[in-house]
Amino acid sequence: MIKSALLYASVSSLLLTSCQPSKASKEKVAVTNATATVKIDSANTKPADNKTIMARREVPVLCYHQIRNNIASDSKRAHDDIIAPDKFREHMKMLADSGYHSILPDQLYNYLVYGARLPEKPIMITFDDTDEDQFTVGNATLKKYGFKGVYFIMTVSIGRKGRINYMTKEQIKQLSDEGNTIASHTYDHKNFAQFTDGDWKTQIDEPTKKLEEITGKKVAYFAFPYGVCKSSTLHKLKEYGFKAAFILSTARDENYPLYTIRRIIDPGRYTAKNLYYSINKSFNKTKSKQSG
Ligand SMILES: [Zn+2]
């Protein structure tokens, strides 16, 4: 335990050393901080270009799937998508104790596009695939710390019961009414990179309408199944009314930074300390150095 903590501490200090901002980027940070204190009226402010969006400091976004204890039949690969309830609670406590404040996609969008101010130590907590434990354990835990979450719903699964139970319409409506964001994760988890023309109706348009019918609110955000996107069709998400979309931890597309916002999975094997350092390693850079 101590050994791994030291290892992480040294990795973290190495990162801090290698990510010291140059004089030029220090100036950029100062400008960002100065504008951050000004209230932005998005209706009267020119939206930022892609280069400006790419240059803004990334906000950490966490991704969760199943919140349950492992069973013998779980494959090794599935372990990344399963976190035990106690561990999830411990990780949320760590975030609260570390001073993180949860934000929602509209806040992130206004920050990226208009430079709007975010709370101190912002973080976004997202859930994919509609599992009921995200409501029973996830939402209950988030409430305890005053956090709000983002729920990316795969509409085919709504209300299904079986080996995995999924959220009902009523639970989704409640999450929305309580101020969480309900967003789209396709109809049945089809890989976005393999969409055919007809999929825009079944995987995008109809699920959006269904979620809007349930919540009574506009659905404006999307998460790619498997985190996989395709540059050549990203523009269509905008045409279908989406303001932003979320991938996993791969590099953003510099031509579509709003449609390739990065998230990291908090795998069940992580301790709270592992998660803390992983957030810093993946997001707390002054500027993304990734390409492609
Ligand atoms: Zn998914």
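Parameters and conventions
Once a new chain begins, its residue numbering starts again from 1 and follows that chain's sequence as written. Given that this is a predicted model, residues contribute local features only at a pLDDT of at least 70 and side-chain atom pairs are listed and counted only at 80 or more, while totals for whole chains, interfaces and linings are drawn from all residues. Hydrogens are left out, water is left out, and the side-chain values use all remaining heavy atoms of the structure. UniProt positions are given in the numbering used here, feature names are shortened, and annotations may be inferred rather than shown by experiment. To pair, rings of Phe, Tyr and Trp, with the six-membered ring standing in for Trp, must have centres within 6.5 Å; the planes then decide the type, stacked if under 30 degrees apart, edge-to-face if over 60, and tilted in the middle. Under the DSSP-based scheme used, a helix requires at least four consecutive residues in state H or I and a strand at least two consecutive residues in state E, with every element numbered from the N terminus. In this scheme, a residue with accessible area under 20% of its type's maximum is buried, one over 50% is exposed, and one in between is partly exposed, where area comes from a 1.4 Å probe on protein chains only. Only when the NZ of Lys or the CZ of Arg is both within 6 Å of the ring centre and within 35 degrees of the ring normal is a charge said to sit over the ring. Should a side-chain nitrogen of Lys or Arg be within 4 Å of a carboxyl oxygen of Asp or Glu, the pair is scored as a salt bridge. Residues grouped as a nonpolar core are buried Ala, Val, Leu, Ile, Met, Phe, Trp, Tyr and Cys residues, joined through side-chain atoms within 4.5 Å. Contacts are assigned to residue pairs with any non-hydrogen atoms lying within 4.5 Å of each other. Strand pairing is defined by DSSP finding a minimum of two bridges between the two strands.

Looking at an unreviewed UniProt entry, the chain carries the name Peptidoglycan/xylan/chitin deacetylase, PgdA/CDA1 family, with the source organism given as Pedobacter suwonensis. For the record of the chain, the UniProt heading Subcellular location (unreviewed entry) holds the text "Secreted".

(A) Region of interest: the packing of aromatic side chains. For the structure shown, the criterion picks out 15 aromatic pairs. Between F152 and F246 the ring centres are 5.6 Å apart and the planes differ by 55 degrees, which places this aromatic pair in the tilted class. With a gap of 94 residues between them, F152 in strand β6 (residues 150-153) and F246 in strand β9 (residues 244-246) connect regions that are remote in the sequence. F246 carries the same exposure label as F152, and that label is buried. Among the aromatic residues, ring-to-ring pairing joins F192, F195, W200, F222, F224, Y240 and F242 into one connected group. Taking NZ or CZ as reference, K243 lies 4.7 Å from the ring centre of Y109, over its face.

(B) Looking closely at the pattern of salt bridges. Applying the stated criterion across every chain yields a total of 14 salt bridges. With a closest N to O distance of 3.5 Å, E132 and K161 form a salt bridge. Of this pair, E132 sits in the loop between β5 (122-128) and α6 (133-144) while K161 sits in the loop between β6 and α7 (169-177), and the two are 29 residues apart along the sequence. Judged by its relative accessible area of 18%, E132 falls in the buried class. Between K143 and E178 there is a salt bridge, and its shortest N-O distance comes to 3.2 Å. With K143 in helix α6 and E178 in the loop between α7 and β7 (181-184), the pair connects residues that are 35 residues apart, well separated along the chain. When its relative accessible area of 45% is taken as the criterion, K143 is described as partly exposed. Look at E178 and you get partly exposed, because its relative accessible area is 25%. Each of E58, R252 and R262 takes part in one network of salt bridges that share partners.

(C) Structural view of the nonpolar core. Membership of the largest hydrophobic core comes to 68 residues, with the highest contact counts inside it found for Y64, F88, L95, L108, L237 and F246. F246 has contacts with V61, L108, M124, F152, Y221, F222, A223, F224, I261 and R263, leaving out every residue within four places of it along the chain.

(D) Summary view of the pairing of strand β1 (residues 61-64). Burial of the side chains of β1 extends over both faces: V61 and C63 are buried on one face and L62 and Y64 on the other. In the sheet, β1 pairs with β5 via four bridges, with the strands oriented parallel. By the bridge assignment for β5, L62 is matched with I125. Note that β1 and strand β10 (residues 264-265) share two bridges and pair parallel. Among the inter-strand pairings, C63 is bridged to a residue of β10, identified as I265.

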